[in-house]
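# Breakdown of the fold
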Amino acid sequence: MLVVMQAHATEDQVRSVCRKIESLGYRAHSIPGAERTAIGITGNKGEVEPGTLEEMPGVQEVIRVTKPYKLVSRDLKEDDTIIRFAGTEATIGGPAVAVIAGPCAIESREQAFAVAERVQRAGAQFFRGGAYKPRTSPYSFQGLGEEGLRIMAEIREQFGLRIVTEAIDNESLELVNEYADVIQIGARNMQNFSLLKRAGRARKPVLIKRGMSATLEELLMAAEYVMSEGNYNVILCERGVRTFADHTRNTLDLSIIPAVQRLSHLPIVVDPSHGTGKRNKVTPLSRAAVAVGADGLIVEVHNDPDKALSDGMQSLYPDQFDELMAQIRQIAAVVGRTAANQGMQPAAITMPARARA
Ligand code: PEP
Ligand code: MN
């Protein structure tokens, strides 16, 4: 059930409706929009009796939501959600294409700083890096843990980049919530419902990666878990799904971008690194992602990919990242968006020959 307030409804009226909903034993989620505030009702097992709410001052209408997801839906909020980061111009979901770049894993202070310096200079606003790595093998590098988080906090200080990093369990989530600016929930955890609920109680925005076999509805329901706990700053991420194709690590499903944007107000970014698994496909798919309307990119970059402790094969060299940024600036302009310009603009803004892509 969804209560749509009148455009001129006062804050007091919104508060009274929320109180009424809570007094009936449900949870009220007041979501202000550009035109009006809507209040989502969750926690109801059956039908909520709309009568009493409809009569309250400031209420325009009470709508029954038939979709399984409610808070993520455009029915609740017509305009796009824009996630802002205090003290910076960086946004995710606004007209600017957000760029999150950095190594798969934080391996050392030197490595992380070398990459951060380059991605910042190229114009990224966010730095990614795993401190806790979900690895297929228990013998692979598992990440530096809290030490990795400390290094990223230093990177924020030094380069002004906002930090995006993964929490793999409840314990790491507490720490990631303390140090990072965005909590990443990985593909393997997209349906870890207790972790999603915890992320919903955290203070920081949450980036949810699509599970490798997740449908669009399952992805939206994962976001609904986080929002239903009161954290409305959620970013979705397409990172490829597993198919029979064996020319790439995963099949990057760019068609999910307009599909999500029809149904949900939440921003959606694309990860062409895990989405392809191959360095030579990252830039072409980044261009395509921006062209299709993605709200941002999350890209792996390494200063020495051949020696990377994880995902070296799909990590761009810093020079390639410069070129990627130059190209997506051009594509962004074509689709009526901007791509960050805060760093030093690389000199060459020419599209590469097809063979190189
Ligand atoms: C990552 O971002 O490094 C990662 C492990 O991603 P995913 O969860 O999409 O595999
Ligand atoms: Mn990786």
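Check the entry above for the structure.
Note that the structure is predicted; figures quoted are calculated from it, not measured. (Residues numbered from 1 in each chain as written. Chains lettered and ligands numbered in written order. Predicted model: local features only at pLDDT ≥ 70, side-chain atom pairs only at ≥ 80, totals over all residues. Heavy atoms only, no water.)

### Some points on the site of ligand 1
Counted only if it meets this: In this text, near means that some heavy atom of the residue lies within 4 Å of the molecule or strand in question. Identification of polar contacts relies on pairs of N or O atoms within 3.5 Å, with a donor-acceptor requirement for protein atoms, meaning one able to donate a hydrogen and the other able to accept it, and with residues adjacent in sequence counted only if both atoms are side-chain atoms. The Shrake-Rupley method, run with a 1.4 Å probe sphere, supplies the accessible areas, and residue values consider only the shown protein chains as cover. Of the two site types, the cavity is a set of points on a 1 Å grid over the protein atoms alone where a 1.4 Å probe fits but cannot get out, and the pocket is an open set with protein on both sides within 12 Å along at least five of seven lines, each lined by residues with an atom within 4 Å of a point. Whether a molecule lies in a cavity or pocket depends on its atoms, and more than half of them have to be within 2 Å of the grid points.
Near ligand 1, the surroundings consist of 13 residues, among which Arg-128, Lys-133, Ala-187, Arg-188 and Arg-239 are the closest. A distance of 2.7 Å separates an oxygen atom of ligand 1 from a polar side-chain atom of Arg-239. A distance of 3.2 Å separates an oxygen atom of ligand 1 from a polar side-chain atom of His-274. When ligand 1 is considered free in solution it has 300 Å² of accessible area, and contact with the protein chains removes 97% of it. When atoms are counted within 2 Å of each cavity's grid points, the one that captures over half of ligand 1 is the largest pocket.

### What to know about the pattern of salt bridges
Note the threshold: Salt bridge criterion: a side-chain nitrogen from Lys or Arg within 4 Å of a carboxyl oxygen from Asp or Glu. To qualify as a helix, a DSSP run of H or I must reach at least 4 residues; to qualify as a strand, a run of E must reach at least 2; elements of each kind are numbered from the N terminus. Buried means the residue's accessible area, taken with a 1.4 Å probe over protein chains only, is under 20% of the maximum for its type, while exposed means over 50%, and partly exposed covers the values in between.
Inspection of every chain in the model, using the stated rule, returns 21 salt bridges. Among the ionic pairs, Glu-146 bridges to Arg-150, the shortest N-O distance being 3.7 Å. Placement of both Glu-146 and Arg-150 in helix H4 (residues 146-159) is noted, with a separation of 4 residues, approximately one turn of the helix. On the basis of relative accessibility, which here comes to 29%, the residue Glu-146 falls in the partly exposed class. A relative accessible area of 40% places Arg-150 in the partly exposed class. Arg-210 serves as the salt-bridge partner of Asp-253, at 2.9 Å between the closest nitrogen and oxygen. Here Asp-253, found in the loop between strand S12 (234-238) and helix H8 (256-263), pairs with Arg-210, found in the loop between strand S11 (206-209) and helix H7 (216-228); they are 43 residues apart in sequence, far enough to count as distant. One connected set of salt bridges, linked through shared partners, spans Glu-11, Asp-12 and Arg-15.

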